[in-house]
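# Results of the structural survey
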Amino acid sequence: ETGVTQTPRHLVMGMTNKKSLKCEQHLGHNAMYWYKQSAKKPLELMFVYSLEERVENNSVPSRFSPECPNSSHLFLHLHTLQPEDSALYLCASSQDLGERGHFGPGTRLTVL
Amino acid sequence: ILNVEQSPQSLHVQEGDSTNFTCSFPSSNFYALHWYRWETAKSPEALFVMTLNGDEKKKGRISATLNTKEGYSYLYIKGSQPEDSATYLCAFNLIQGAQKLVFGQGTRLTINP
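Just so you know, these numbers come straight off a predicted model, no measurement behind them.

Our focus in this paragraph is the interface of chain A and chain B. On the chain B side, the residues contacting the 20 residues of chain A number 19 residues. The interface formed by chain A and chain B includes zero salt bridges. Remark: the boundary between chain A and chain B carries three residue pairs in polar contact (both at pLDDT 80 or more). Counting residues per element, the ones that place at least two in the side of chain A that touches chain B are strand E4 (31-37), strand E6 (53-57) and strand E9 (87-94) of chain A. Its residues placed into classes, the side of chain A that touches chain B shows ten nonpolar, five polar and five charged.

Before going further, it helps to spend a moment on the packing of aromatic side chains. The tally for this structure, following the rule as stated, stands at 13 aromatic pairs over all chains. Ring geometry for Tyr35 of chain A against Phe103 of chain B: centres 5.5 Å apart, planes inclined by 90 degrees, an arrangement best described as edge-to-face. Linking Tyr35 of chain A in strand E4 with Phe103 of chain B in strand E10 (residues 100-103), this pair reaches from one chain into another. A connected cluster of aromatic rings, assembled from ring pairs, spans Tyr33, Tyr35 and Phe103 of chain A together with Tyr36 and Phe103 of chain B.

All names here are of chain B. All chains considered together, the criterion is met by six salt bridges over all chains. Two residues, Glu45 and Lys59, come together in a salt bridge whose shortest N-O distance is 3.6 Å. Highlighted residues: Glu45 in strand E5 (residues 45-50) and Lys59 in strand E6 (residues 56-59), separated in sequence by 14 residues. Of the charged contacts, one joins Asp84 and Arg61 as a salt bridge, the two residues approaching to 2.8 Å between their closest N and O atoms. Of this pair, Asp84 sits in the loop between strand E8 (72-77) and strand E9 (86-94) while Arg61 sits in the loop between E6 and strand E7 (62-67), and the two are 23 residues apart along the sequence. The network of salt bridges with shared partners includes Arg37, Glu45 and Lys59.

Residues and elements named next belong to chain B. One open sheet accounts for five strands, arranged E1-E3-E8-E7-E6; its pairing is antiparallel. Sheet topology places strand E1 (5-7) and E6 at the edges, where each strand pairs with a single neighbour. Sheet twist, expressed as the mean angle between neighbouring strand axes with direction ignored, is 15 degrees. When E7 meets E8, the two strands line up antiparallel, connected through six bridges. Bridging across to E8, Ala64 finds its partner in Leu75.

Thresholds, definitions, all that
- Residues numbered from 1 in each chain as written.
- Chains lettered and ligands numbered in written order.
- Predicted model: local features only at pLDDT ≥ 70, side-chain atom pairs only at ≥ 80, totals over all residues.
- Heavy atoms only, no water.
- Contact = heavy atoms within 4.5 Å.
- Salt bridge = Lys/Arg side-chain N within 4 Å of Asp/Glu carboxyl O.
- Polar contact = N/O pair within 3.5 Å; in protein donor to acceptor, adjacent residues only side chain to side chain.
- Helix = DSSP H or I, 4+ residues; strand = E, 2+ residues; numbered from the N terminus.
- Nonpolar A, V, L, I, M, F, W, Y, C, P; charged D, E, K, R; others polar.
- Phe/Tyr/Trp six-rings, centres within 6.5 Å; stacked < 30°, edge-to-face > 60°.
- Pairing = 2+ DSSP bridges.
- Axes fitted to C-alpha atoms, helices over the stretch in contact; angles between N-to-C directions.

Now the structure itself:
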């Protein structure tokens, strides 16, 4: 399997739930990213990992918690989310920081 | 506040016609400018990464130019085809610690057969 994969593709959760989004890349890339796409807003960078170290936290609320256990996997742990957190969450990877990104298909999240 | 502006927001073009649209970005702390194509129900696909003032890149019928001094980039599509219908995103990459990437809102292009 090649490219960037994300699971689940769709997720509906209540405000008190805890869930995790998973991203996997098989491209041998060193950098991985989480983005948020809300309706009628630009893509918003949330977190950046380089060589499994978090190098950017773009003022994201603590109810979003990233984890990068190795260079191929990236998680986004979600807890006590708000309805306004409903969005498309995209994962991407690049060979190194600043290089062209390869995006996954995204997880469509709905918070009730 | 960093702002990346894309214009127009949406565009309808007749098949076979050529078109272009603009990305404007801050001219300071520039590192790179990215263009992506995002088709409905698919992942964003990288088109170009441009770093040098005056850079011009080409991929088939699509090309892009870059002016870092005045802070703009143009994307051109020659002889539009229905498969060119997509949202075209530009992203400004500045040096700020770990190279912050700021996206524009996109230009939604629809090619009419």
